[in-house]
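# Secondary and tertiary structure notes
One letter stands for each residue in the lines below.
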Amino acid sequence: MDKWLSALSVVTTAGLAVVTNYVTAQPPKWAENTILVWSVFAALAIVLLGLPFLLRGPGGPPAGRARGPVPLGRIAVSGQSMNPPTVSAPVRGREAELERIGNLVRGPGGGMVVVCGAGGLGKTTLAAEAAARARSQEKKVVWIRWRDDTAQLGLEFGKAARILGLPESRLEEARTGRVSLVDAVWKHLKDVEDWLIVVDNVDTPSRVGPGSEPLAAYRGWLRPHGSGLLLVTSRDTTRQTWGPDADLIHLQPLADEAGGTVLLDAAPHAGTENEAEALAARLGGLPLALNAAGTYLSVPTSRHRTFTAYQEALESEFADLLGAE
Ligand SMILES: Nc1ncnc2c1ncn2[C@@H]1O[C@H](COP(=O)(O)OP(=O)(O)OP(=O)(O)O)[C@@H](O)[C@H]1O
Ligand SMILES: [Mg+2]
């Protein structure tokens, strides 16, 4: 349609040029009648200006480029938001867990694995490392963050399914209510292999939905029925929440040696391996605390610059500051 429009414009402009040439060069008899000349000129100008409106309709979109909601898949494929976060520091002391997840990613079965444990134990970090390894093995990886919002989760699962090849037409059917979106997505996740979907920080699993059924009924957004692996991270460690078919990995604090290495990674000049391990033990092997201590010790302006000084301060000053006995 655009081609026709430009062709007609060219013809009309050429017509105008012929008329204006006659007017300026060798005027024929009729051209001496100024009223006639200006009428022809005006008519041609009106035709030229009116053509686009006739062809498109006033304010209408150009043909072949209809306006409407941007297809979900296009947003997802072009956006970067569903990539796993990059792990900046080395992940220490989680080889057994990484191997277990790696086997599930590589294995034929698929399913659902839940990495669970208290805040700051390193669940998200473990998931991000597992995601990076899965990617290096050519698996398709999608990262979703639970934001306490079922509708948002549904939208992101829709995008994930699009990335994993679910046709836009099938999603459209689900959006218009002919089939349920959650069932359409999970049917597709059953049909395709070689994927890892991470849903991070699901600390309120009872709110995941859709609907009010318990998560363990496996009819909501989180199910163990895919042919790829669904990896969930959560502070909820109860079997009852995740149901009989979920593979639970209970994260433990880091062993002293791994904990010491985390401290040394962040503050390599703050002392010996033994001193680092002693401090790691004092900090209960909690990665969040180890990371905070290491970062603090690496800053030149910090009052305490060694593992030993930090540990002594923990016993005296910090306890006072925190109001502990
Ligand atoms: N195995 C590890 N080796 C080195 N650093 C780690 C490890 N695990 C976690 N960390 C560091 O500890 C901090 C907390 O980790 P993370 O956010 O993964 O914990 P989380 O269990 O997901 O916490 P939350 O329950 O709040 O979501 C991060 O700064 C991370 O870099
Ligand atoms: Mg987390």
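Each remark here, short or long, concerns the structure printed above.
Presented here is a report on the structure given in the accompanying data block. (Residues numbered from 1 in each chain as written. Chains lettered and ligands numbered in written order. Predicted model: local features only at pLDDT ≥ 70, side-chain atom pairs only at ≥ 80, totals over all residues. Heavy atoms only, no water.)

## Remarks on the packing of helix 7 (residues 168-175) against helix 8 (residues 181-191)
Helix-helix packing is described using two parameters, namely the angle between the two axes and the distance between the axes. Put simply, the rule reads: The axes are straight lines fitted to the C-alpha atoms, using for helices just the contacting stretch, and the angles between their N-to-C directions are given from 0 to 180°. Numbering of helices and strands runs from the N terminus, with a helix taken as a DSSP run of H or I at least four residues long and a strand as a DSSP run of E at least two residues long. Reported orientations rely on four angle classes, namely roughly parallel under 35 degrees, roughly antiparallel over 145, roughly perpendicular from 65 to 115, and oblique for the rest. Should any heavy atoms of two residues lie within 4.5 Å, those residues are considered in contact.
It is at 8 Å that the axes of helix 7 and helix 8 come closest, and there the two elements cross at 155°. Considered as vectors, helix 7 and helix 8 are oriented roughly antiparallel to each other. Along the contact surface, helix 7 presents Arg170, Leu171 and Ala174, while helix 8 presents Leu181, Ala184, Lys187 and His188.

## Details of the environment of Gly107
Selection criterion: Only protein chains enter the accessibility calculation, which uses a 1.4 Å probe; a residue is then buried when its area is under 20% of its type maximum, exposed when over 50%, and partly exposed in between.
Checked against the element boundaries, Gly107 lands in the loop between helix 4 (95-106) and strand 1 (111-116). Taking the relative accessible area as the measure of exposure, Gly107 reaches 25% and is therefore partly exposed. Between the alpha carbons of Gly107 and Leu229 there is a distance of 9.2 Å; along the sequence they are 122 residues apart.

## With respect to the sheet that holds strand 1
Formally: Two strands make a pair as long as DSSP finds a minimum of two bridges between them.
The five strands lie next to each other as 2-3-4-1-5, forming an open sheet whose pairing is parallel. Two strands bound the open sheet, and with one partner strand each, they are strand 2 (140-145) and strand 5 (246-250). Pairwise comparison of adjacent strand axes, ignoring direction, gives a mean angle of 20° for this sheet. Helix 4 contacts strand 1, strand 3 (195-200), strand 4 (229-234) and strand 5 of the sheet and is inclined by roughly 165° relative to strand 5.

## Quick notes on the site of ligand 1
As a reminder, the rule being used: The near set for a molecule or strand comprises every residue that places at least one heavy atom within 4 Å of it. By the criterion applied in these results, polar contacts are pairs of N or O atoms within 3.5 Å in which, for protein atoms, one can donate a hydrogen and the other can accept it, and in which residues neighboring in sequence qualify only through two side-chain atoms. Surface exposure here means Shrake-Rupley accessible area, sampled with a 1.4 Å probe, where a residue is shielded only by the protein chains that are shown. Cavities and pockets were defined on a 1 Å grid built over protein atoms only: a cavity is a set of grid points that admits a 1.4 Å probe from which the probe cannot escape, a pocket is an open set flanked by protein on both sides within 12 Å along at least five of seven lines, and lining residues are those with an atom within 4 Å of any such point. The way we define it, a molecule is inside a pocket or cavity when more than half of its atoms are within 2 Å of that pocket's grid points. When residues are sorted by character, Ala, Val, Leu, Ile, Met, Phe, Trp, Tyr, Cys and Pro go into the nonpolar class, Asp, Glu, Lys and Arg into the charged class, and all the rest, Gly among them, into the polar class. Either an automatic procedure or a domain database provided the assignment from which the domain bounds are taken.
The local shell around ligand 1 holds 17 residues, among which Arg92, Lys123, Thr124, Thr125 and Arg235 are the closest. Take Gly122: an N or O atom from its main chain is 2.9 Å from an oxygen atom of ligand 1. Notes on ligand 1: free accessible area 640 Å², of which the protein chains cover 81%. For ligand 1, the cavity whose grid points lie within 2 Å of the majority of its atoms is the largest pocket. Every element with two or more residues in the shell around ligand 1 is listed here: helix 5 (123-136) and helix 12 (287-298). Among the residues forming the shell around ligand 1, the class breakdown is six nonpolar, seven polar and four charged. Counting only domains with at least three residues in the shell around ligand 1, you end up with domain 2 (75-250) and domain 3 (256-322).

## Some points on the coordination of the magnesium ion (ligand 2)
To keep things clear, this is the line we draw: Because water is not among the atoms used, a metal site may look incomplete, as its donors are only the N, O and S atoms within 2.8 Å, or 3.2 Å for Na, K and Ca.
For the magnesium ion (ligand 2), the full set of protein donor atoms is Thr124 (OG1) and Asn201 (OD1), and the range of their distances to it is 2.0 to 2.3 Å. Taken together, the residues Thr124 in helix 5 and Asn201 in the loop between strand 3 and strand 4 connect sequence positions 77 residues apart.

## Focus on helix 8
Those residues of helix 8 lying buried are Val182, Ala184, Val185, Trp186, His188 and Leu189. Summarising the contacts, the buried residues of helix 8 are in contact with helix 6 (150-163), helix 7, strand 3 and strand 4.

## With respect to the layout of surface pockets
Counted only if it meets this: Grid points are joined across faces, edges and corners, and a volume is the space filled by probe spheres set on the points.
Here the largest pocket is characterised by a volume of approximately 630 Å³. Surrounding the largest pocket, 28 residues form its lining, Gly122, Thr125, Pro287, Leu288 and Asn291 being those nearest its centre. Residue assignment for the lining of the largest pocket shows that the elements contributing at least two residues are helix 5, helix 10 (256-266) and helix 12. Empty space within the second largest pocket amounts to approximately 190 Å³. As for the second largest pocket, its lining consists of 15 residues, of which Pro205, Glu213, Pro214, Leu215 and Ala216 are closest to the centre. Here the residues of the lining of the second largest pocket are counted per class, giving eight nonpolar, five polar and two charged.

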